[in-house]
Every structure is written in C-alpha cells, then in structure tokens.
Amino acid sequence: MRRWNFALAAVTAASLLGAVGAFAEADKSIEGIEKYREALKDGNPAELFEASGEELWKKPAGPKNVSLEKCDLGLGAGVVAGAYAQLPRYFKDTDKVQDAESRVLTCMSTLQGVDVSKYVKAKWKSPERDDLNAIATYISGMSKDKPVKVSLAHPKEQAMYNLGKRMFYYQGGPHDFSCSTCHGQEGVRIRLQELPNIPTPKGAASGWTSWPAYRVSSGQMWGMQWRLADCFRQQRFPEPIYGSDVTIALSMFMAATANGAIMATPGIKR
Amino acid sequence: MKKTILILAAIAASAPAFAADTNWGKGAEDAAFKAMVHSSFREVGMATLSRLDQDATQAFCSDPKHADDKDAAKMRAKIEAENMATIKWPSDGKFLGDWKKGEKVAQSGRGLTSTDKPGQVNGGNCYNCHQISPKEISYGTIGPSLLHYGKLRPNNEETLKYTWGRIYNAKAYNACSNMPRGGHMGIITEEQIKDLMALLLDPQSPVNQ
C-alpha cells in the first residue's frame, strides 16, 4: 500500500515538476509548486522514511542489543507522541539543550552503547545519516498536528534562544552572508524560491513546522540538521558539525518564534 | 590606509558604546557567542574556519540595528568610506566588456561553497537577487530590478563609475547592503565585472531593449 502510494506520488511529482519548468510566468511556477504539494498530500513519500525510522527505533541494536524505545525525548522515557513539537529543550542528564537529532544520538550512546562519533563525522549521503534522518522523520510524524510548544524557562534554554538569534545575524565569508540576508525580509525570493522571513512568527512557522521534509527535487529526506547545513553551504560558511550548538541555537530561535503554530511534519518540498 | 583600518577595528571592538547596540540577552554575551561559533563548525574543502572571522564591515553589520539606526549613521559613513577606498577601477580604463559573457556570469551562482572546487570559475549570483534580462523569468527579488538599467540612466562617466563601484564593492554605497562585494572579496574577476557592466549598460544588451 505504502509502496504503491510512493510510486504514484513520484509520477505526479515528476510530471508536475516538468510542468513547472514550462510555465511562462514566474508567479505561475510558484502556483505550480503549490499544486504539486497539494497533489502529494495523500501520498508524501516521507511516509516510507517514517516507516523505516519506526523500524530502526524499535529494533534492538548496538553493543547492548536494545531498542531506542526507552529513549527520553523530553516527555519521559518511551514517550514519542508530541515530543518533537516541544524540542529543542533542556535535558538534565546531559545538562544540555538538545534537538531531536542530537537527542537520538544521546540515546543511541546511553541505551544501545553505540559509539556515535561515526554518526557525527559521517557524510550527508551515508547510511549513518540516512538512519538518523529516518528516525527524526518518524519522531516528527508523531507530533503532526500538535502545536509547537517550546519552553524558554530554563536559563540554558533562554541562552540557546539568545545565541540563535545572534547567530541568525552573524555575517561572514566571501559573500558577507548571514541567515538574515536571505531570510530577513518579507516576501522576497532567490530565483523562484520563496524565502520565509524567519524572525517573524509566521516566517518561523513556515521554516520550522514542515521539517523533516521530503525533497522532491533530490528524492531525499532531510532533517533540520541537513536543512541548516545546506543553508550554511549556500552562505559559504564551513560545515556546521552535526548536533553542534550553532544548529541547536538556530533551531531554538526558530522553534520558539514559531510557538503555537501547528506541526505539519514530515513535510514535502520542492 | 592602515590607520583607517585600525580606527575601524577599535570602534568595532568597542561596539557597546552605541546607544543602538542590540543587547542579545543572557547567555549570548561575546565570550559565550564566540565559544559557540568556534566549536560548531568544521572545515570542508575551501570553506575554511577562517571564514568565521569577520572584517570590520561584517562585525558592524551583524547587529541588525546598525543597518538603519540614526545613532549608527556616522559609523556607517566610515564603513562606506573604507569600502570605497578598496575599489580598483578597470586597469585599462575600459568599463564595458561583452554582454553575452556577462549574461553567463549573472546566471551562475557557483563558487566558493564547501562543495565547489578551487580554481573553477565563479559566478556573480546576480539572478539570485535581481531581475536583469527580460528573457530570464527565474529571478530573485532581494535586490531591485535591473531591467532597462542602462536605458533608465544617463550615458555618462558617473553612471559607469557608480555601476562599476557597486559591483566591485556594494558596501561603499550602503554599509550594510545585502549585496556581496564581488570585486573586493575576489568572487569575480575584473574581466567578469566588465562583462556584467556591458550586460547592464550596452545598448545592444537585451536588458536595454
């Protein structure tokens, strides 16, 4: 059933993408992209990744041969439903603010006894990162339709938010770009890609609530870690280390600014 | 010249003197922020860690209030003067190259990312932010439309110099412009700037049809 959906979706996406290229006017292409998003709603290929993420979550693995099911994502050991909508958050055991992806690494290490450094060092298109993307997709799907509810009550949460806000405006590199260059104004685009104005609640919501997302153009499933890494690449910055504080801080800034918006995860993108 | 840089650096370092400066809040003080930035990245290809180090313009413009706040006007003027001084005018005095080649430079957004190769030809990224030739419908809107750019301006030395200067170092005209400093930062070559100039100003260019 799922496979069938996927095949259908892929065909629809391909034909509509072709149509996008043929459109005569800029605004029509944007409309076209909206249309294929609409068409894919019943069969987002992200479902496949959700399913394999769930499998990875429940399968005993690692030197200790246990599953991740007892992982505490912030709502207590073993609670997945609703957890993504409240991340990033402060965790007492690590004394750190963590997002879903860095938290999964913690659980792989503590519960399963896995040496996670190879996951941190891995390339984007590697089996290690594929697994992490799938697990994040599964976790995020369990928060679909829940309102974003990120806390800034703990001083470390507040600090992460402040750091993220500051990072958002930090310029560097040969192009002098910061996140704000591309995501700091209302209603602008790069080529035909519309850019959310992230410091506003509406822009933060559109940036935050639909990731992890399946990217039709590349056929890949991207978590927020990958999304951010690719924006830093376009920014001509070095690569953010997987799960590093810069990535958590920016996520905290976006998520807290999006508070109250409804999670639409996993999403589907161009 | 050296002196100006020193003065700029000193002012940037003592940034809190500005009434307009953003207080980033608890936990995001300079030391904590720097520690985060310096522990969070790894070098990939030509995207080296040194790209995290800012020059005076970048440091100043990383406070969003500096872009337009009245209290920062003097500092903006200084930054603009400093950037103006970096502009290298065409070595042979000729401002205009080949608009057809210019169109290619404007189209290409390649270059200087962690996945680009050293030695490859960089693009100008222009269509990412500007409408330019009427034939290209896939253009961005971070910058103003440049359609009919030459047609709309007097055909004189001032237009040539302004346009060259803008492309070479946009921060000479607007301290915290979102536009990259193509020539100053070595993103594009003198010859590529000439070709872009022709794209914008040559009466034969589709931009001016």
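Reading the values: rules and limits
Residue indices begin from 1 for each chain and proceed along its sequence in written order. The lettering of chains begins at A and the numbering of ligands begins at 1, in the order of writing. Only residues with pLDDT of at least 70 get local features here, since the model is predicted, and only at 80 or more are side-chain atom pairs given and counted; chain-wide, interface and lining totals rely on the full set of residues. As a convention, hydrogens and water are excluded, and side-chain values are obtained from all of the structure's heavy atoms. Helix and strand definitions follow DSSP, with helices as H or I runs of at least four residues and strands as E runs of at least two, each counted in order from the N terminus. A 1.4 Å probe rolled over the protein chains alone gives each residue an accessible area, and that area as a share of the maximum for its type sets the label: buried under 20%, exposed over 50%, partly exposed in between. Two residues form a contact once any of their heavy atoms are found within 4.5 Å. All accessible-area figures derive from a Shrake-Rupley calculation using a 1.4 Å probe, and residue coverage is judged against the displayed protein chains alone. Positive charges are assigned to Lys and Arg, negative charges to Asp and Glu, while His and the chain termini are left out of the count. We put the charge of a Lys on NZ, of an Arg on CZ, of an Asp on CG and of a Glu on CD. Any pair of cysteine sulfurs within 2.5 Å is marked as a disulfide. In these notes, a set of buried Ala, Val, Leu, Ile, Met, Phe, Trp, Tyr and Cys residues joined through side-chain atoms within 4.5 Å is what counts as a nonpolar core. Geometry is summarised by axes, namely lines fitted to C-alpha atoms with helices restricted to the contacting stretch, and by angles between N-to-C directions that run from 0 to 180 degrees. Should an angle fall under 35 degrees it is called roughly parallel, over 145 degrees roughly antiparallel, and 65 to 115 degrees roughly perpendicular, with every other angle called oblique. Under the convention adopted here, Pro, Cys and the residues Ala, Val, Leu, Ile, Met, Phe, Trp and Tyr are nonpolar, Asp, Glu, Lys and Arg are charged, and Gly plus all remaining residues are polar. One less than the residue count of a helix, multiplied by 1.5 Å, gives the span that helix is expected to have. By buried area we mean the combined loss of accessible area, with a 1.4 Å probe, across both parts when two parts are placed together. Salt bridge criterion: a side-chain nitrogen from Lys or Arg within 4 Å of a carboxyl oxygen from Asp or Glu. As used in this structure description, the phrase polar contact means that two N or O atoms lie within 3.5 Å; if the pair is within protein, one of them must be able to donate a hydrogen and the other to accept it, and residues adjacent in sequence are counted only when both atoms belong to side chains. Values of pLDDT, which run from 0 to 100, indicate the predictor's confidence residue by residue.

Engineer: Honestly, the overall build of chain B in this entry has me stumped. Any pointers?
Structural biologist: If you tally the helices and strands in chain B, you get eight helices and one strand. Each helix (α) and strand (β) of chain B, taken in turn from the N terminus, gives the series α-α-β-α-α-α-α-α-α. Across its three principal axes, chain B shows a C-alpha extent of roughly 55 × 40 × 35 Å. A buried classification covers 46% of the 209 residues belonging to chain B. In chain B, of all internal contacts separated by at least 6 residues, the share reaching a separation of at least 24 is 61%. Summed over its atoms, the accessible surface of chain B is roughly 10600 Å², and 57% of this surface lies on carbon and sulfur atoms. The averaged location of the 23 negative side-chain charges in chain B is 1 Å from the averaged location of its 26 positive side-chain charges.

Engineer: So what exactly am I meant to see when it comes to the side chain of Thr257(A) here?
Structural biologist: All names here are of chain A. The topology assignment puts Thr257 in helix H11 (residues 245–257). Exposure remark for Thr257: the relative accessible area of 13% places this residue in the buried category. Ignoring anything within four residues of it in the chain, the contact list for Thr257 reads Tyr161, Ile198, Pro199, Thr200, Pro201 and Ala204.

Engineer: I tried to follow the state of the cysteines on my own but got confused; where do I start?
Structural biologist: By definition, a disulfide links two cysteine residues through a covalent bond between their sulfur atoms. Residue and element names in this part refer to chain A. If you walk through the whole model with that rule in mind, you get two disulfides over all chains. Note that Cys71 is cross-linked by a disulfide to Cys107, the S-S spacing being 2.0 Å. Negative torsions about the S-S bond denote left-handed disulfides, and the value of about 75° found for Cys71 with Cys107 makes this one right-handed. With Cys71 in the loop between helix H3 (46–58) and strand E1 (89–91) and Cys107 in helix H4 (residues 100–110), the pair connects residues that are 36 residues apart, well separated along the chain. Given the relative accessible area of 0%, Cys71 is considered buried. The buried category is assigned to Cys107, whose relative accessible area is 3%.

Engineer: Where do I start with the nonpolar core in this structure?
Structural biologist: When a protein is soluble and globular, its nonpolar side chains tend to lie buried together. Judged by nonpolar contacts, the single largest core of 68 residues is most densely connected at Trp57(A), Met108(A), Ile139(A), Met167(A) and Trp208(A). Secondary structure elements with two or more residues in this core: E1, H4, helix H6 (127–141), helix H7 (155–168), helix H9 (201–208), helix H10 (224–234) and H11 of chain A together with helix H2 (30–39) of chain B. Ala106(B), Leu146(B), Ile167(B) and Tyr168(B) belong to the second largest nonpolar core, which has 25 residues in total.

Engineer: I keep staring at the packing of H10(A) against H11(A) and nothing clicks. Help me out?
Structural biologist: Residue and element names in this part refer to chain A. Look at H10 against H11: their axes get within 11 Å of each other, and the N-to-C directions meet at 105°. Here H10 lies roughly perpendicular to H11, going by the angle between them. Contact residues: H10 offers Met224, Gln225, Leu228 and Phe232, while H11 offers Val246, Thr247, Ile248, Leu250, Ser251 and Met254. When the residues that make up the contact of H10 with H11 are grouped by side-chain class, the tally is seven nonpolar, three polar and no charged.

Engineer: What is the right way to read H7(A) from this model?
Structural biologist: Residues separated by three or four positions in an α-helix point in the same direction, a consequence of the helix having 3.6 residues per turn. All names here are of chain A. The end-to-end C-alpha separation of H7 is 20 Å, in line with the 20 Å expected for 14 residues at 1.5 Å each. Within H7, 10 of the 14 residues are buried, which leaves it mostly tucked inside the rest of the structure. Residues of H7 that are buried: Glu157, Ala159, Met160, Tyr161, Asn162, Leu163, Gly164, Arg166, Met167 and Phe168.

Engineer: Looking at this structure, how should I read the interface of chain B and chain A?
Structural biologist: Think of interface size as the accessible area that goes away when the parts come together; that is how it is often given. Across the contact, 51 residues belong to chain B and 46 residues belong to chain A. Across the chain B/chain A interface, buried area totals approximately 4300 Å², and carbon plus sulfur atoms make up 55% of it. Across the pair Asp176(A) and Lys171(B) runs a salt bridge whose closest N-O atoms are separated by 3.1 Å. Viewed at the interface, chain A and chain B are joined by 26 residue pairs in polar contact (both at pLDDT 80 or more). Within the residue set of the side of chain B that touches chain A, elements represented by two or more residues are H2, strand E1 (41–42), helix H3 (56–61) and helix H6 (126–129) of chain B.

Engineer: I'm lost on the environment of Gly111(B) in this one. Help?
Structural biologist: Position of Gly111(B) among the secondary structure elements: in the loop between helix H5 (99–107) and H6. Residue class for Gly111(B) comes out buried when judged on its relative accessible area of 1%. Between the C-alpha atoms of Gly111(B) and Gln131(B), which are 20 residues apart in sequence, the distance is 21 Å. For Gly111(B), the contacting residues outside a window of four places in its chain are His175(A), Arg236(A), Asp116(B), Gln120(B) and Asn122(B).

Engineer: I'm lost on the confidence of the model for chain A in this one. Help?
Structural biologist: Regions with low pLDDT carry predicted coordinates that are not meant to be interpreted in detail. When pLDDT is averaged along chain A, the result is 89; 84% of the residues meet or exceed 70. Scored below 50 in pLDDT, residues 1–26 of chain A shows 31 contacts in the model against residues more than four places distant or in partner chains.

Engineer: Explanation requested: the side chain of Arg166(A) in the structure shown.
Structural biologist: Its place among the elements puts Arg166(A) in helix H7. On the accessibility criterion, Arg166(A) (16% relative accessible area) is buried. Setting aside chain neighbours within four positions, we find Arg166(A) in contact with Trp24(B), Ala28(B), Glu29(B), Asp30(B) and Phe33(B).

Engineer: What should I look at first to understand the pattern of salt bridges in this one?
Structural biologist: Pairing is possible between side chains that carry opposite charge, provided their charged atoms lie close to one another. All chains considered together, the criterion is met by 15 salt bridges over all chains. Here Arg191(A) and Glu136(B) are joined by a salt bridge, their closest N and O atoms 3.7 Å apart. Note that Arg191(A) is positioned in the loop between strand E3 (189–190) and strand E4 (193–194) and Glu136(B) in the loop between H6 and helix H7 (157–168), a pairing that runs across two chains. Given the relative accessible area of 18%, Glu136(B) is considered buried. Ionic pairing is found between Asp230(A) and Arg233(A), a salt bridge with its closest N-O pair at 2.9 Å. Separated by three residues within a single helix, Asp230(A) and Arg233(A) lie in helix H10, roughly one turn from each other. Residues joined by salt bridges that share partners form a network here, namely Asp176(A), Asp55(B), Lys171(B) and Arg181(B).

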